[in-house]
Amino acid sequence: MIKKNNNKLTSDQKAWKEFLEDPSYLFDKEELEKNNNEKSKKFKFDFHGYSIENANIKVKEIINQCYDKGVSEILIITGKGTHSNTEKNVYVSKDFSKLQFTIPEFINGDSNLSSKIVKIKRADQKSGGDGALIIKLKKL
């Protein structure tokens, strides 16, 4: 049992006073709805295990569907290519046989796809870094 001292606040009273003085703790429902709407405009797909040919087919399908649905951003997980067996094959480029390089090349080489894209960039660290790409789509 905590004894109350008339001159000093109890820990519960102190916490309550701090809470009332700082409204940043309050839940903002409008902010949550705004974030959910932004989230719904993003799409994510993991290409681990895809061959270059199958990845190109799938990326074309994804970009066309996302563009038609009004998605603004696509996160493509390509991986870093560290498990690729391309270093031993003298007929294959060490870098350009990896999806992180071939997917942007494929998109830029397809005028229909590139016309739907604002920019392709490497993802930030928390989204995948060197092993991921972000594709920003134009609005309809």
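All values reported here derive from a predicted model rather than from experimental measurement.

Novice: What is the right way to read the overall build of the protein from this model?
Specialist: Looking only at helices and strands, the protein has five helices and four strands in total. Put simply, 58% of the contacts in the protein that link residues at least 6 apart link residues at least 24 apart.

Novice: I'm lost on the packing of helix α3 (residues 52-69) against helix α4 (residues 99-109) in this one. Help?
Specialist: Describing two packed helices takes the angle between their axes plus the distance from one axis to the other. Running from amino to carboxyl end, α3 crosses α4 at an angle of 55 degrees, the nearest separation of the two axes being 10 Å. Judged by the inter-axis angle, α3 sits oblique to α4. When the axes of α3 and α4 are compared, the crossing they make is right-handed. The segment α3 lies against α4, with Ile52, Ala55, Asn56, Val59, Lys60 and Ile63 engaging Leu99, Thr102, Ile103, Phe106 and Ile107.

Novice: Could you clarify how one ought to interpret the side chain of Asn64 in this entry?
Specialist: Summarising the element assignment, Asn64 is placed in helix α3. Apart from the residues lying within four places of it in its own chain, the contact partners of Asn64 are Asn112, Leu113 and Lys116.

Novice: For this particular structure, what's the right way to read α3?
Specialist: Three- or four-residue spacings in an α-helix give side chains the same orientation, since the helix completes a turn every 3.6 residues. Taking 1.5 Å as the rise per residue, α3 with 18 residues should run 26 Å; its terminal C-alpha atoms sit 25 Å apart, in good agreement. Turning to α3, its buried residues number three or more, namely Ala55, Asn56, Val59, Ile62, Ile63, Asn64, Cys66 and Tyr67. Lining the buried residues of α3 we find β1 (42-46), β2 (73-77), α4, α5 (111-114), β3 (117-122) and β4 (132-137). Positioned one or two residues after α3, Gly70 has a phi angle of 80 degrees, which is positive.

Novice: Even after reading the chapter, I still don't get the confidence of the model for the protein, so can you show me in this structure?
Specialist: Should the pLDDT be low somewhere, the predicted coordinates at that spot are not to be read in detail. With 66% of its residues at a pLDDT of at least 70, the protein reaches an overall mean of 77. Here helix α2 (residues 29-39) is the element of the protein with the lowest mean pLDDT, 50, and α5 is the one with the highest, 95. In the predicted structure, residues 89-93 sits below a pLDDT of 50 and forms three contacts with residues beyond four places in sequence or in another chain.

Calculation rules
Residues numbered from 1 in each chain as written. Predicted model: local features only at pLDDT ≥ 70, side-chain atom pairs only at ≥ 80, totals over all residues. Heavy atoms only, no water. Helix = DSSP H or I, 4+ residues; strand = E, 2+ residues; numbered from the N terminus. Contact = heavy atoms within 4.5 Å. Axes fitted to C-alpha atoms, helices over the stretch in contact; angles between N-to-C directions. Parallel < 35°, antiparallel > 145°, perpendicular 65-115°, else oblique. Left-handed = near helix turned anticlockwise from the far one by under 90°. Expected span 1.5 Å × (residues − 1). Buried < 20%, exposed > 50% of the residue type's maximum accessible area, 1.4 Å probe, protein only. pLDDT = per-residue confidence, 0-100.

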